[in-house]
Amino acid sequence: FREEGIFNYSTMLMRDDLGLLLLGAREAIYALDINDISVKKAAVYWRVPEEKQRECTYKGKQAEVECRNYIRTLHKVNDTTMYVCGTNAFSPTCDYMTFVEGRLRLEGKQEKGQGKCPFDPFQRYSSLMVGNDLYSATSINFLGSEPVVLRSSDLALRTEFKSSWLNEPNFVYMDVVSESVDSPDGDDDKVYLFFSENAVEYDFYTKVAVSRVARVCKVNAENVPPVNAESAACSVLTAEGLASCLQGDVGGLRTLQRKWTSFMKARLDCSFPELSLPPIVQDVFLLKDDDWRRSVFYAVFTSQSYVALFQKEGCNFSTLEDGHLVLSQLSTVCAYSVTDIADIFNQGKFKTPVAVETSHVKWVMYTGEMPVPRPGACINNAARNMGMNRSLDLPDKTLQFIRDRPLMDEAARPLTGGPLLVRRGPLLTRIVVDSVLALDGQRHAVMFVGTENGYVQKAVNYDGEMFVIEEIQVYEDPLPVTTLSLSASKGQVYAGSEGGAVQVPVCTCGRHGACVDCVLARDPYCAWDLASGRCVSVRDPSGPAVQSLREGDVSQCPEPGMLPPFTGKKAIPAALSDCSAVGTTLCVFIFRPDSGRGRCPSSGKQRPAALPGPL
């Protein structure tokens, strides 16, 4: 989908309940049919007034590029209402939007979007709506020099303006984990944030960026006591009265007033031998499980772009370019257990700054006495037993500790010990992950990864071996995939870029015309139906089916030339299987590990296939 004259289709909100994909672009928001996004149900346009555009240009910005309204925030409020924010010519503004009787409409209840939406349309940021509270991570000023993690609610909280908290960050992802469910400690839910920033802990001659995961505690609705006449504090609807009423993180009483008392961060490790500098996180997806302890974060990393000047005598400059060493581009995907990350924050040691002789600060592991309650922890049963039901009750010693030492000593390590996928060449940009139940009764995580040159790769890891099942060219021009969304219920992946949005089916089983091809594809979505003689979705086999994901064993396939038994039903053309593309024509490279080659059925083009293991 694209509309003439509209660009930057970079914000998506799926409304399965309405059968819509909400798509935010530059000065436009579209309601598209979730089954076929080429069908536009409704649209609303939010343009910048001329006066506002002139003010933007007076501040040195480009009128036709930066001084426009880029839709960056789209969140569900209730069944018919969404919350939307745009950059609005470097003057971020938010409004409510409704979809009623097939029409999109901005309510005209505009409010300042400072801290909720970035000023710069091209600055990375993240936001999350939890209940009626908006959690956002962006810059709070025009210059982009004051980063903040903000909770916008009746009682707003934010991070400190200190480099030990946030040091020139690039925010990429935010999500909530329901850790209060079945918690034996009476713990709160957490909001996790992923970003990169300049490291404070490395002693290096230049700035080194690192990837981080941070968390804060959210106030659960069930923790809010009812307002009644007997509670004087709760009956006062001021921020102070609300803080007295709420339990959880509402800031400190003297120290960290209106600031997070639970903000903690740790380094995110996805090391690879060829990388001498830490890789930089670009996107994250949380694959949720019914039991939050089994939920997994999947993260895309790219090699850190840098140029190292070699001045040491004897260096072979013939291998360098103008005396500089330029790293090749690498991308990796790593997976992290939510439980492992939570354990670091709940039980790990902290780093602390110490002064050294060279007049700079060095960060080392803190070995002193730990205040009680534990700094950065949510209000749990242990704190409640000490009479502390909210962060306002925490002692200054605990708050001062976490204010000065938000960084953990231990890094978050990958669940598998190393990357699931390593890719050389065009950088990976975005990721979504689906959990697929195969015929063997096991679930497999299938990754859909966008690239900077307009492809979506479909990959799965079997016992440490990575298989790229398909590589789908979603754009004719090599445009970076800037947003990626998954509808597991519809079996569709939606990709957005500067030039438009594209819908891709999660499986293309019907493209495999033979049992051998179907089995060797090792696609957990697909199996060879022996009754119909077709490669079909594992959801719809009409009888016994063949699937061999780990071994690629084709011995159960019928002999070539054998026809399926007559069932009295008309054969359904393979191209019309339930996983065929809807409303679009795509070039799909299907990889056959046994042949080492891949073929694009629509054009006959061939290319080297992806082999098991790192690429």
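Residues numbered from 1 in each chain as written. Predicted model: local features only at pLDDT ≥ 70, side-chain atom pairs only at ≥ 80, totals over all residues. Heavy atoms only, no water.

Caption draft 1: Structural context of the overall build of the protein chain. If you tally the helices and strands in the protein chain, you get seven helices and 38 strands. Looking at the protein chain as a whole, 54% of its 615 residues qualify as buried. The long-range fraction of contacts in the protein chain, counting pairs at least 24 apart against all pairs at least 6 apart in sequence, stands at 58%. As displayed, the protein chain offers around 27,500 Å² of accessible surface, 49% of which is attributable to carbon and sulfur atoms. (Helix = DSSP H or I, 4+ residues; strand = E, 2+ residues; numbered from the N terminus. Buried < 20%, exposed > 50% of the residue type's maximum accessible area, 1.4 Å probe, protein only. Contact = heavy atoms within 4.5 Å. Areas by Shrake-Rupley, 256 points an atom, 1.4 Å probe, with all protein chains shown as cover.)

Caption draft 2: Inspection of the sheet that holds strand 30 (residues 483–487) at higher detail. A sheet is described by the order of its strands in space; here three strands give the open sequence 30-31-32, paired in antiparallel fashion. Strands with a single pairing partner mark the edges of an open sheet, and in this sheet they are strand 30 and strand 32 (501–505). On average, each strand axis in the sheet is tilted by 20 degrees relative to the strand beside it, whichever way the strands run. Inspection of the sheet shows strand 31 (residues 492–496) paired to strand 32 by five bridges, in the antiparallel sense. Along strand 32, the bridge assignment pairs Tyr-494 with Gln-503. (Pairing = 2+ DSSP bridges. Axes fitted to C-alpha atoms, helices over the stretch in contact; angles between N-to-C directions.)

Caption draft 3: Layout of the state of the cysteines. According to the stated counting rule, one finds seven disulfides in the structure shown. Here Cys-56 engages in a disulfide with Cys-67; their sulfurs sit 2.0 Å apart. Disulfide Cys-56-Cys-67: the torsion about the S-S bond is -80 degrees, which places it as left-handed. Of this pair, Cys-56 sits in helix 1 (residues 50–58) while Cys-67 sits in the loop between helix 1 and strand 5 (71–76), and the two are 11 residues apart along the sequence. When its relative accessible area of 2% is taken as the criterion, Cys-56 is described as buried. (Disulfide = S-S within 2.5 Å.)

Caption draft 4: Representation of helix 4 (residues 338–347). For helix 4, the full list of buried residues reads Val-338, Ile-341, Ala-342, Ile-344 and Phe-345. Down the axis of helix 4, the buried side of the element spans an arc of 155 degrees, and every buried residue falls inside it. N-cap assignment for helix 4: the residue whose side-chain oxygen lies 3.2 Å from the backbone N of Thr-339 is Ser-337. (Arc of directions from axis to C-beta. Polar contact = N/O pair within 3.5 Å; in protein donor to acceptor, adjacent residues only side chain to side chain.)

Caption draft 5: Structural view of the nonpolar core. In terms of nonpolar packing, the biggest core is built from 54 residues, with Tyr-192, Phe-194, Val-213, Phe-297 and Tyr-336 touching the most fellow members. Take this core: its biggest share by element is six residues, from strand 14 (residues 170–177). Grouped together as the second largest cluster of nonpolar side chains are 50 residues, Phe-467, Val-468, Val-493 and Cys-518 included. (Core = buried A, V, L, I, M, F, W, Y, C linked by side-chain atoms within 4.5 Å.)

Caption draft 6: Geometry of the packing of aromatic side chains. Scanning the entire structure with this criterion turns up 18 aromatic pairs. Aromatic side chains Tyr-70 and Phe-122 sit 5.5 Å apart centroid to centroid with 65 degrees between the ring planes, which places their arrangement in the edge-to-face category. Highlighted residues: Tyr-70 in the loop between helix 1 and strand 5 and Phe-122 in the loop between strand 9 (111–112) and strand 10 (126–130), separated in sequence by 52 residues. Taking relative accessible area as the criterion, Tyr-70 reaches 4% and is therefore assigned buried. Arranged with centres 6.3 Å apart and planes meeting at 55 degrees, the rings of Tyr-173 and Phe-194 form a pair that is tilted. Note that Tyr-173 is positioned in strand 14 and Phe-194 in strand 15 (residues 190–198), a separation of 21 residues in sequence. (Phe/Tyr/Trp six-rings, centres within 6.5 Å; stacked < 30°, edge-to-face > 60°.)

Caption draft 7: Structural detail: the pairing of strand 17 (residues 264–267). Covered by surrounding structure in strand 17 are Met-264 and Ala-266 together with Lys-265 and Arg-267, the residues of both alternating faces. With four bridges connecting them, strand 16 (residues 209–217) and strand 17 associate as antiparallel partners. From the neighbouring strand, Ala-214 faces strand 17, where its bridge partner is Lys-265.

Caption draft 8: Representation of the environment of Tyr-336 in the model. Looking at the secondary structure, you find Tyr-336 in strand 22 (residues 330–337). Separated by 67 residues in the primary sequence, Tyr-336 and Asp-269 place their C-alpha atoms 9.6 Å from one another. At 2.6 Å, the side chain of Tyr-336 and the backbone oxygen of Asp-269 are in polar contact.

Caption draft 9: Broad picture of the side chain of Arg-215. With respect to the secondary-structure elements, Arg-215 resides in strand 16. Look at Arg-215: it is buried, it has no salt bridge, and the nearest opposite charge is Glu-179 at 4.8 Å. In this structure the side chain of Arg-215 is engaged in a polar contact, spanning 3.0 Å, whose partner is the side chain of Asn-346. Among all residues touching Arg-215, those that are not within four sequence positions of it are Lys-190, Val-191, Tyr-192, Ser-262, Phe-263, Met-264, Ala-342, Phe-345, Asn-346, Gly-376 and Ala-377. (Lys, Arg positive; Asp, Glu negative; His and termini not counted. Salt bridge = Lys/Arg side-chain N within 4 Å of Asp/Glu carboxyl O.)

Caption draft 10: How the structure looks around the environment of Glu-146. On the secondary structure map, Glu-146 appears in the loop between strand 11 (133–139) and strand 12 (147–152). Accessibility expressed as a relative area gives 33% for Glu-146, which makes it partly exposed. With 31 residues separating them along the chain, Glu-146 and Gly-115 place their C-alpha atoms 9.7 Å apart. Setting aside residues up to four positions removed in sequence, Glu-146 forms contacts with Thr-138, Ser-139, Ile-140, Asn-141 and Phe-161.

Caption draft 11: Structural context of the pattern of salt bridges. The tally for this structure, following the rule as stated, stands at 29 salt bridges. Between Lys-162 and Asp-404 there is a salt bridge whose closest N-O contact spans 3.4 Å. Here Lys-162, found in the loop between strand 13 (157–158) and strand 14, pairs with Asp-404, found in helix 6 (residues 396–404); they are 242 residues apart in sequence, far enough to count as distant. When its relative accessible area of 26% is taken as the criterion, Asp-404 is described as partly exposed. Notably, a salt bridge pairs Asp-404 with Arg-403, separated by 3.1 Å at the nearest N-O pair. Arg-403 gets classed as partly exposed once you look at its relative accessible area, which sits at 25%. Each member of the salt-bridge network shares a partner with another, and the members are Glu-197, Glu-201, Arg-212 and Lys-265.

Caption draft 12: Inspection of helix 6 at higher detail. Regarding helix 6, the residues found buried are Thr-398, Leu-399, Phe-401 and Ile-402. End-on, the buried residues of helix 6 take up no more than an arc of 160 degrees, which puts them together on one face. Those residues of helix 6 that are buried are in contact with strand 17.

Caption draft 13: Main features of the confidence of the model for the protein chain. For the protein chain, mean pLDDT is 84; residues scoring 70 or higher make up 82% of the total. In this model residues 221–237 is a low-confidence stretch, pLDDT under 50, and it forms 17 contacts with partners more than four residues away in sequence or in other chains. Under a pLDDT of 50 for its full length, residues 306–327 has, in the predicted model, 23 contacts with residues more than four places off or in other chains. (pLDDT = per-residue confidence, 0-100.)

Caption draft 14: Just unusual backbone geometry, in detail. Residues Val-372 and Pro-373 are joined by a peptide bond in cis, for which omega reads 0 degrees. Positionally, Pro-373 belongs in the loop between strand 24 (361–365) and helix 5 (381–385). Even without being a glycine, Asn-8 presents a positive backbone phi close to 60 degrees. Here Asn-8 shows up in the segment before strand 1 (11–15). The class for Asn-8 is buried, based on a relative accessible area of 16%.

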